[in-house]
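Residue-level structure breakdown
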Amino acid sequence: MIDLVYLNELKRYENTLKRYDKENPKKVNKYKFQSDVLDNNLPSLIKTQQRREYEFVKRDLLVDFNMRDYLAEQFGCCQILEAYRMNENYKKRIQRLKSKITEIFYLSESSNVYFLTFTFTDDTLNNTNDDSRRQFVRRWLNDNTSNFVANIDFGEQNGREHYHALVNADYIDISTWLKHGAMKYEIVKVDIKSIDKMAKYINKFLNHAIKETTKRQHIIYKREKRS
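A short tour of the structure in this document, coming up. (Residues numbered from 1 in each chain as written. Predicted model: local features only at pLDDT ≥ 70, side-chain atom pairs only at ≥ 80, totals over all residues. Heavy atoms only, no water.)

Some points on the side chain of T145
- Inspection of the secondary structure assignment puts T145 in the loop between α7 (130-144) and β2 (147-154).
- Classification of T145 by relative accessible area gives buried; the value is 8%.
- In terms of polar contacts, T145 uses its side chain to reach the backbone carbonyl oxygen of L141, at 2.6 Å. (Helix = DSSP H or I, 4+ residues; strand = E, 2+ residues; numbered from the N terminus. Buried < 20%, exposed > 50% of the residue type's maximum accessible area, 1.4 Å probe, protein only. Polar contact = N/O pair within 3.5 Å; in protein donor to acceptor, adjacent residues only side chain to side chain.)

Side note on the packing of aromatic side chains
- Applying the stated criterion to the full structure yields five aromatic pairs.
- Ring centres 5.4 Å apart and planes at 75° place the aromatic pair F118 and W140 in the edge-to-face group. In this pair, F118 sits in strand β1 (residues 112-119) while W140 sits in helix α7, placing the two residues 22 residues apart along the sequence. With respect to burial, F118 and W140 carry one shared label: buried.
- Geometrically, the ring pair formed by F118 and W177 is edge-to-face, given 4.9 Å between the ring centres and 70° between the ring planes. Linking F118 in strand β1 with W177 in the loop between β3 (161-169) and β4 (183-187), this pair joins segments that are 59 residues apart in sequence.
- Of the residues examined, F118 reaches a relative accessible area of 0% and is grouped as buried. (Phe/Tyr/Trp six-rings, centres within 6.5 Å; stacked < 30°, edge-to-face > 60°.)

Some remarks on the sheet that holds strand β5 (residues 220-221)
- Judged by pairing direction, the sheet is antiparallel, and its five strands sit side by side in the order β4-β1-β3-β2-β5 without closing on themselves. Bordering the open sheet on either side are β4 and β5, each of which pairs with just one other strand.
- The sheet contact formed by β2 and β3 spans eight bridges and is antiparallel. When the sheet's bridge partners are listed, I152 is paired in β3 with Y163.
- Most of the contacts of helix α5 (residues 77-106) go to β2, to which it runs at about 130°, and overall it touches β1, β2, β3 and β5.
- Where α7 meets the sheet, its contacts fall on β1, β2, β3, β4 and β5, and the angle it forms with β3 comes to roughly 15°. (Pairing = 2+ DSSP bridges. Contact = heavy atoms within 4.5 Å. Axes fitted to C-alpha atoms, helices over the stretch in contact; angles between N-to-C directions.)

Description of unusual backbone geometry
- You will see that N41, though not glycine, has its phi angle at about 60°, which is positive.
- Checked against the element boundaries, N41 lands in the loop between α2 (30-39) and α3 (42-58).

Re the nonpolar core
- Counting 20 residues, the largest nonpolar core has L116, F118, W140, L141, V167, I172 and W177 as its most contacted members.
- Elements with a minimum of two residues in this core: β1, α7, β2 and β3.
- Residues I104, V113, L166 and I202 belong to the second largest nonpolar core, which totals 15 residues. (Core = buried A, V, L, I, M, F, W, Y, C linked by side-chain atoms within 4.5 Å.)

This is how it looks when you write it as C-alpha cells:
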C-alpha cells in the first residue's frame, strides 16, 4: 500500500514534468536512461529500502521515508520511478524465464538440455550489425533445437559480443555454426535448483546488455507457430 501511494505520486510528478518539457519526449533514449539508473545502483538501493520499510510495517512502527527522500533529492523522481519499474520488470522477466526453463526441463524426458555459447569471428563482427548477428543466433536455434531461451552477453575483459542459450535438442552439431564463429556446449543436469539459477543467470545478461549499449536487448524465446 505504501509503495502504491508513493508510485502514484511519482507518476503524477513525472507527467507534470513532461507537460513542461520543451524537448520532444520521443527523442529521449529510454535505454540510455535505464543505463544511467543502473550505473547509480538505484534498483538495488530501492529494493533495500523496501525491505527496511517492510520490517517497520511488520513491527507496527512508523515507517521512515528519509532514505526515499534522500534518493529522490540526489537522483530525481524520474530516476526513482524508473528504478521501481525496472525492479517490477525484473520480477516479471524472472517469472517468465522460470516458466520457459521449466518447460525446457520438462521436455528433457524426450531430448537433452544443453547450455550453449555462440561466439563470432572477427570477420562476422566487422561486417554485420548487431541485429543481423541476433538473427543468425535465432535462425540457428529455430533450425537445430526444439525449444530454447537465449540472450546476448559481453566479455568482461574485452567486451566481445557473444550469446548464451538454454535449449532442448537431441544432439548439437557445432559445425553448423562455423561460418559465423565458434560454439561451446555442455549438458545441463536437470533439477529444481538449476531452474532458479539458470533464470537469474540469463536475466543477468539482460541488465549487463542495457549497461553496455543504448539499444534494446530482448531475451530471445522460441516463437509459437500460429495455426
